[in-house]
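Residues per chain, in single letters:
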Amino acid sequence: MNKSLHEYSVAELAQGLRNKSFSAVELAQHCLARIGGDASGSFLDVNGEAALAQARRADARLAAGTAGPLEGVPLAHKDIFVTRDYATTAGSKMLAGYRSPFDATVVRRLGAEGAQDDAKATGGAGMVCLGKVNCDEFAMGSGNENSAFGPVKNPWDPSRVPGGSSGGSAAAVAAGLVPAATGTDTGGSIRQPSGFCGITGIKPTYGRISRYGMIAYASSLDQAGPMARSAEDCALLLGAMCGPDADRDSTCLEVPTEDFTRWFNEPLKGLRIGVPKQFFGPGLADDVRTAIESALAVLERQGAVRVEVDLPLTELAIPAYYIIAPAEASSNLSRFDGVKFGHRTADPDDLIDMYKKSRAEGFGAEVKRRIMTGTYVLSHGYYDAYYLQAQKIRRMIADDFQRALSVCDVIAGPVAPTVAWRIGQNSDDPVADYLADIFTLPASLAGLPGMSVPAGFGAHGLPVGLQLIGNYFGEARLLQVAHQWQQLSDHHVQRPGAAAGAGAGAGAR
Ligand code: GLN
């Protein structure tokens, strides 16, 4: 079968480049042309010259036999990772046009430089970055509608959101502009947009990946991760992203990276899948329930064993998260004062006036809402009533997961209660967006790894994501289950606009 270059997986592209079936320059040009014709609004900054220069260096390393494992494969970075070659905005007017003097660790590891200082460069994966992709402002949102640079359209239906906050990453992969992208997940921002756009994404255990150069939202929750079409592609990127970076991020654990594909050939027979009843309550839309139930039935036919588990505090994850995350955000975002970097108001009356006006002009409505909430819950008299209570709930949620994971190997359920909603549908009701995070927030609060795997299609032919949650450092297990599922199903290779086959025709054996 003759496939176009943008239809290849990361694994196939890496192989094709090594075999010289095509060059990194040809591949970059192909993707850049597709980005040029894109209508989803996913890219915020593209730098063809820098991309082609990287691609030429990749071709030279491929020829010289010094190539990294993913040498020459294109990718895009969520605009929350700082980059030297591209502007970094975090989706905010506050940082419009900002240029970082350094690259984030994730950017370096996936690129050619590796994670070390230039002097002791060990070489990275060798991927070619084509640009930066849109996201909710400072990663606060669930639909990519909070970006100061416009919403992103879901490639499956342009009237709908791609999910958030890594909506540009998900849309760019789903639309076939890049084979993979980075995302970050604080409360679901890798899993939920992956689910809404029908791609695969994994948020690893908190601390697996360095946060150095990742613009902070809620530091005790923020984790980077890969978004791509398949579990295999995610495993390849994850392997390159993980690993210690203690000099630069003290919360990055001293755990070496792994071969995340090592269990791919293990069958599912005997795997215990924990199904929390709280993930299947009345708030779950029927189309999502049907898709998830039929995915679970397929896994059971492979010999997996379904066990019911209890996560009784699932609902409380919402208030706990929406206290803790804004609290940390209010502190993290205090650095944007118009002095060292970021937007500065014109003609302030005095210093205080400059702070006030710079922040009033630079931040969008949702970010201001979070700063105010966060400041309130941390203030004297409310700290004990809100923040401390939320921290207690967080601990109890983590303990519940440990109990559940003592009787099962992975936990499975939906990523979100519904398929992607219409752009603008929740614009007067921010709490509606918060509530839709119910199934992703618990694993975030517990710091557990979680992923979204295409599970089928629901209402309006829109993708449904199956969420898999594992124990700490259990990424390889999640990816094995996802990979096995993708050997039995074809949802992850369905493409928007691919006419026959999308939606109704998709199936699982
Ligand atoms: N929707 C959640 C929020 O707005 C999660 C965002 C994220 O994971 N970055 O906070």
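Refer to the structure presented above.
Keep in mind it's a predicted model, so treat the numbers as computed, not measured.

Engineer: Would you explain the overall build of the protein in this entry?
Structural biologist: Helix and strand content of the protein: 15 helices and eleven strands. Relative to the 2.2 N^0.38 estimate, which gives 23 Å for 509 residues, the radius of gyration of the protein is 21 Å and therefore close to what a compact globule would have. If one aligns the C-alpha atoms of the protein with their principal axes, the spans along those axes are about 65 × 55 × 45 Å. Relative to its full complement of 509 residues, the protein shows a buried share of 59%. By sequence separation, contacts in the protein at least 24 residues apart represent 73% of the contacts at least 6 residues apart. If you sum the accessible surface of the protein, you get close to 18,700 Å²; carbon and sulfur atoms cover 53% of it.

Engineer: Can you help me understand the packing of aromatic side chains in this one?
Structural biologist: Centre distance and the angle of the planes are the two values used to describe a pair of aromatic rings. A complete count under the given rule lists 16 aromatic pairs for this structure. When the ring of Tyr 321 is compared with that of Tyr 322, the centres are 4.8 Å apart and the planes differ by 75 degrees; the resulting orientation is edge-to-face. Note on accessibility: Tyr 321 and Tyr 322 belong to one class, buried. Look at Tyr 383 and Tyr 387: their rings are 5.1 Å apart centre to centre, the planes differ by 45 degrees, and that puts the pair in the tilted class. Of this pair, Tyr 383 and Tyr 387 both sit in helix α12 (residues 383-405), separated by four residues, roughly a single helical turn. Site record: aromatic cluster; members linked through ring pairs are Tyr 98, Phe 138, Phe 336, Phe 341 and Phe 363. The ring of Trp 263 carries the charged tip of Arg 262 above its face, separated from the ring centre by 4.4 Å. The ring of Trp 263 carries the charged tip of Arg 477 above its face, separated from the ring centre by 4.1 Å.

The rules behind the values
Residues numbered from 1 in each chain as written. Predicted model: local features only at pLDDT ≥ 70, side-chain atom pairs only at ≥ 80, totals over all residues. Heavy atoms only, no water. Helix = DSSP H or I, 4+ residues; strand = E, 2+ residues; numbered from the N terminus. Rg over C-alpha atoms; globule rule 2.2 N^0.38 Å. Buried < 20%, exposed > 50% of the residue type's maximum accessible area, 1.4 Å probe, protein only. Contact = heavy atoms within 4.5 Å. Areas by Shrake-Rupley, 256 points an atom, 1.4 Å probe, with all protein chains shown as cover. Phe/Tyr/Trp six-rings, centres within 6.5 Å; stacked < 30°, edge-to-face > 60°. Lys NZ or Arg CZ within 6 Å of the ring centre and 35° of its normal.

Bear in mind that shape data such as this cannot, by itself, settle questions of function.
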